[in-house]
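Chain by chain, the residues run as shown.
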Amino acid sequence: MNTTRRRFIRFGGQLIGASALGGAAWRIFTGSDPEAVFSQPKGPYVWRINLDKCTYCGLCETACVRKPSAVKAVNDQKKCSYCVACYGHLADLTVSSELIQSKGKRVCPYDAVIRQEYTGGKDGYHLYTIDDAKCTACCKCAKRCNELGTKSMFLIIRPDLCLGCNRCAIAAVCPADALEWEHSYPEDDFRGDYELENAAGGMPEGDGMNGGNGAES
Amino acid sequence: MTRMAWLVLWLGMAMVAQVAPAQTAADNPSAPPCFTIPSSEDIGSNEVMSSYREQYSPRQYVPESNTWIVVDITMLAAILLLGGVMVWRHVHFRHFWIPALATLLYFGFLRGGCICPVGSVANMTIGLKHPEMIGVSTGVMFLLPLVAAFIMGRVFCVAGCPLGAVQHLLGGRHSLKIPTLPHAMLRALPVVALAATAWLAIRGTCFLVCLLDPYKTAFFFGYGWIQRLLHGVQGGLVEPGVLWVGDLTAWGIFAAAILLGLWVYRPFCRFVCPYGVLLGLFSVVAIKRRQIDQSQCVQCGVCEKNCPVHAIVRNPVTKDFQISSYHCIQCNRCSSLCRKSGIG
C-alpha cells in the first residue's frame, strides 16, 4: 500500500519534472519574439561598447579581468583626417612638424599610437594606427581625438580577446552604462558611419593575421 | 642710464619671449600647419589620400567560431556519460579525479569556466522571459545536466561542473561535522540564492550566481594563459608582460574558498550553489536513485560516517539508514565503503 502510493507520487513528480524540462526547452528554442529580428545566427553573446554613450573615462583599462584589457583603441582610417599633428598622438601640439616624431610629447603612456608619413612630406598627410600589442585601453588618445579632433579613434572590445564573462567586470563599473550584451559577430575598426558602403561592397576580409574562420555572418 | 635702459629692454624681451610661444604658435612658420583639422574636401581633393581612404579595408577581429558550441556540448555530454557510467558501475570513489580533472582542464581552463551550467541559471531565467536573449549553447548547457539528474541523480556535480572539480581536486578528504541546526540553515541558503539569482536576472541587475562564484579567478587565469599559448603557437598576437588575471581581492576570495574547502567538504556546492537546488529536485524523482537495500544492510553506519555531504541519515523511528537524493552528489563513497554491497 505504502509502496504503491510512493510510486504514484514519484511518477507524478517525474511527469512534472519532464514537463518542466520540455516546457523550458520549448520556450527557449521555439518561443522567440517575432518582433526581435537578428540577422546573425543565434550564437553566443559578447559585450560591445556603445560609442554613443562612451565617455572615454579609462575604466576599461583597469576593470577588465584580463590584464592587459580585452578592450583596445583603434583608429578608423576612413574617418581620420591624417593631420600633421594628431590630438591622439601629441600631448603638446606646439612642436614644429619635423620634430614631432623625435621630440613630440606623446599622449599615450605606452607610445602605442604609431605615426607614419604618407604623402606630402613633413607637412602633408600622416597615417595614425594603434599598436594593439601595446595598447592597454587607457583611452587617453581616443578621449582627446573625440573631444578636440575628428572623432576617428574609438574603443572596441576585441571578440578574440574577450572572455565573454556573464558578468562583465567593465560593465559593472562603467559610469556611462555603455557596455551592451549582443550577439557575437566580427568587430572591425570602422566607426560605423558607413553602412551604405558596406552594404554595397560587402565587408572586406581581414588582414589574415587574425584569421577569418569565424565569419558566419 | 644706458645700462638701465638695456636692462629694461632685456627684461621686457624676456617677458615677451615667455609669453610669445602661446600667442604666436599659429603664426610660427616652423609649427605644423595642421592645428586646424583638414576638412574632408581637402582630403578628397588629394588624390593619394582619397584613394587610400577608398581602398582601406578595415581590420577585422573575429569572435571564436560557432563550432565551439558543438564541441562544448559534446564534451559536456561525454563527461556526463563518463560520470554516469562510473556511478552506475559503482566505480571506487578514488577514481573520481578522472572526470574532475577532465572537467577542470576543459571547462575550467580551456573554456574559461564560462559559460557553465551553474552560471546559466541566470541566463536561463532571462531566456524564459525573453527567448531571443539566450543562445542555443546556453540552453543546452542548462538542460543537459538536468536531464542527467532526471536519469541518475546529481552526476553533474562530480562530472561536468568546473566548480565542483576545483573543490574535488583541491578539497580536503574529511568533512567537518556541523551541528544539526546551523547545518540545516546553511543547506537552505541555495534556495535563497536561486530565488535571488532569478529575481536579479529578471530585473536585469546582475548575474548573482556568477558574482558568488569564488573560483572564477582561477578559470580566467588558466584561460588567459592557454589562449596566449595558442596565439603564440599559431604565430599570432601575444600580449607583452605577465598576464596576471584578477586582482588581490579576487585571489584572496579564491584562497579563502579553497582553505575553507580543506575542512568543509565542497562548501560552494552544499551551501551556495543555486543550480544544485534544481539538480536536487530532479534527483528526487530520478529514474535510478541511489538506495540502501535494507535486506542487505547490517546498520554498521560506515556510509553515514563517510558521506561527505551528510546525505545519509538514520531514521529515528525505524533506525534504518536512508539516502536523501536531494543532497547526494553521487560521489560513490558509500557504495565503495559498504561491506555488504548494500547500496545500489
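**Q** Explanation requested: the overall build of chain B in the structure shown.
**A** Helices and strands together make up the secondary structure of chain B, namely 16 helices and three strands. Counting across all 344 residues of chain B, residues that qualify as buried make up 40%. The long-range share in chain B, meaning contacts at least 24 apart out of those at least 6 apart in sequence, stands at 76%.

**Q** Before we go on, may I ask you to explain the overall build of chain A in this structure?
**A** The helix and strand inventory of chain A stands at six helices and seven strands. Taken from N to C terminus, the helices and strands of chain A fall in the order α-β-α-β-α-β-β-α-β-α-β-β-α. Across the 217 residues that make up chain A, the buried fraction comes to 42%. Partitioning the intrachain contacts of chain A with sequence separation of at least 6 by distance along the chain shows that 74% fall at a separation of at least 24.

**Q** How do you make sense of the nonpolar core when you look at a structure like this?
**A** Within soluble globular proteins, side chains that are nonpolar tend to cluster in buried spots. In terms of nonpolar packing, the biggest core is built from 129 residues, with Ala73(A), Ala142(A), Leu155(A), Ala149(B), Val155(B) and Phe156(B) touching the most fellow members. Top contributing element to this core by residue count: helix H7 (residues 136–152) of chain B, with eight residues. Not counting chain neighbours up to four residues away, the residues in contact with Phe156(B) comprise Leu80(B), Pro117(B), Pro145(B), Ala148(B), Ala149(B), Cys161(B) and Leu279(B).

**Q** Which parts of the structure should I look at to understand the packing of H7(B) against helix H14 (residues 274–284) of chain B?
**A** Pairs of packed helices are described in terms of their axes, by the angle between the two and the distance that separates them. All names here are of chain B. Orientation of H7 relative to H14, taken along the N-to-C sense of each, is 30°, at an axis distance of 7 Å. On the basis of the axis angle, H7 is roughly parallel to H14. Where H7 crosses over H14, the handedness of that crossing is right-handed. Judged by residue contacts, Pro145, Leu146, Ala149 and Phe150 of H7 engage Leu278, Leu279, Phe282 and Ser283 from H14. Along the lines of polarity and charge, the residues of the contact of H7 with H14 split into seven nonpolar, one polar and no charged.

**Q** For this particular structure, what's the right way to read helix H4 (residues 67–88) of chain B?
**A** Working note: α-helix, 3.6 residues per turn, so residues spaced by three or four point in the same direction. All names here are of chain B. If you check H4, its first and last C-alpha atoms are 31 Å apart, about what 22 residues at 1.5 Å a residue would give, namely 32 Å. Asp72, Leu76, Ile79, Leu80, Gly83, Gly84, Met86 and Val87 are the residues of H4 that are buried. Projection of H4 onto a plane perpendicular to its axis shows the buried side chains occupying an angular sector of 165°, all on one side. Along H4, exposed side chains directed more than 90 degrees from the buried face belong to Thr67, Val70 and Thr74. The positive-phi residue at the C-terminal boundary of H4 is His90, with phi of around 55°.

**Q** What is the right way to look at unusual backbone geometry in this model?
**A** Residue and element names in this part refer to chain A. The phi dihedral of Tyr56 is positive, around 55°, even though this residue is not glycine. Along the chain, Tyr56 turns up in the loop between strand S1 (45–49) and helix H2 (59–63). The phi dihedral of Tyr82 is positive, around 55°, even though this residue is not glycine. Inspection of the secondary structure assignment puts Tyr82 in the loop between strand S2 (71–75) and helix H3 (100–103).

**Q** What am I meant to see in the environment of Pro99(B) here?
**A** Residue and element names in this part refer to chain B. Mapped onto the fold, Pro99 is located in helix H5 (residues 97–110). The spatial distance from the C-alpha of Pro99 to the C-alpha of Leu81 is 9.9 Å, given a sequence separation of 18 residues. Those residues within four positions of Pro99 in sequence are excluded, and the remaining contacts are Ile79, Leu82, Gly83, Met86, Val158 and Ala159.

**Q** Looking at this structure, I do not really get the pairing of S2(A). What am I missing?
**A** On any regular strand, side chains alternate: one points to one face of the sheet, the next to the other face. Residue and element names in this part refer to chain A. When you tally the buried positions in S2, you get five out of five residues, the bulk of the element. Alternating positions in S2 separate into two faces, Val71, Ala73 and Asn75 on one and Lys72 and Val74 on the other, with burial throughout. As paired strands, S2 and strand S5 (residues 153–157) are joined by five bridges and run antiparallel to one another. Residue pairing for S5: Val71 is matched across the bridge by Ile157.

**Q** What is the right way to look at the pairing of strand S4 (residues 125–130) of chain A in this model?
**A** Two elements, strand S3 (residues 113–119) of chain A and S4(A), share six bridges in a ladder whose sense is antiparallel. Residue pairing for S4(A): Arg115(A) is matched across the bridge by Tyr128(A).

**Q** When you look at the confidence of the model for chain A in this model, what are you seeing that I'm missing?
**A** The predicted structure's coordinates, where accompanied by low pLDDT, should not be read in detail. Residues and elements named next belong to chain A. The predicted model of chain A has a mean per-residue pLDDT of 77, with 79% of residues at 70 or higher. Per-element confidence in chain A is highest for S2, whose mean pLDDT is 91, and lowest for helix H6 (residues 195–201), whose mean pLDDT is 40. Below a pLDDT of 50 lies the segment residues 37–42, which in the model reaches seven contacts outside its immediate sequence neighbourhood of four places, other chains included. This stretch, residues 194–217, has a pLDDT under 50; its non-local contacts, to residues over four places away or in other chains, come to 30 contacts.

**Q** Can you walk me through the packing of helix H6 (residues 120–129) of chain B against H7(B) in this structure?
**A** Residue and element names in this part refer to chain B. Orientation of H6 relative to H7, taken along the N-to-C sense of each, is 115°, at an axis distance of 10 Å. When you trace H6 past H7, the crossing you get is left-handed. Between H6, through Ser120, Asn123, Met124 and Gly127, and H7, the contact on the second element is made entirely by Thr138, Gly139, Met141 and Phe142. Broken down by class, the residue content of the contact of H6 with H7 amounts to three nonpolar, five polar and no charged.

**Q** Can you walk me through the confidence of the model for chain B in this structure?
**A** All names here are of chain B. When pLDDT is averaged along chain B, the result is 84; 87% of the residues meet or exceed 70. Segment residues 20–31 is flagged for pLDDT under 50; beyond a separation of four residues in sequence, or across chains, it makes seven contacts in the model. For this predicted complex, the interface score ipTM comes out at 0.71, while the overall pTM is 0.72.

**Q** Explanation requested: the environment of Ile114(A) in the structure shown.
**A** All names here are of chain A. Here Ile114 lies in strand S3. By the C-beta count within 10 Å, which is 14 here, Ile114 ends up partly exposed. For the pair Ile114 and Asp92, spaced 22 residues apart in sequence, the C-alpha separation works out to 16 Å. Excluding residues within four positions of it along the chain, Ile114 makes contact with Tyr128, Thr129 and Asp131.

What counts, and where the lines are drawn
- Residues numbered from 1 in each chain as written.
- Chains lettered and ligands numbered in written order.
- Predicted model: local features only at pLDDT ≥ 70, side-chain atom pairs only at ≥ 80, totals over all residues.
- Helix = DSSP H or I, 4+ residues; strand = E, 2+ residues; numbered from the N terminus.
- Buried ≥ 20, exposed ≤ 12 C-beta atoms within 10 Å, placed from the backbone.
- Contact = placed C-beta atoms within 7 Å.
- Core = buried A, V, L, I, M, F, W, Y, C linked by C-beta atoms within 7 Å.
- Axes fitted to C-alpha atoms, helices over the stretch in contact; angles between N-to-C directions.
- Parallel < 35°, antiparallel > 145°, perpendicular 65-115°, else oblique.
- Left-handed = near helix turned anticlockwise from the far one by under 90°.
- Nonpolar A, V, L, I, M, F, W, Y, C, P; charged D, E, K, R; others polar.
- Expected span 1.5 Å × (residues − 1).
- Arc of directions from axis to C-beta.
- Pairing = 2+ DSSP bridges.
- pLDDT = per-residue confidence, 0-100.

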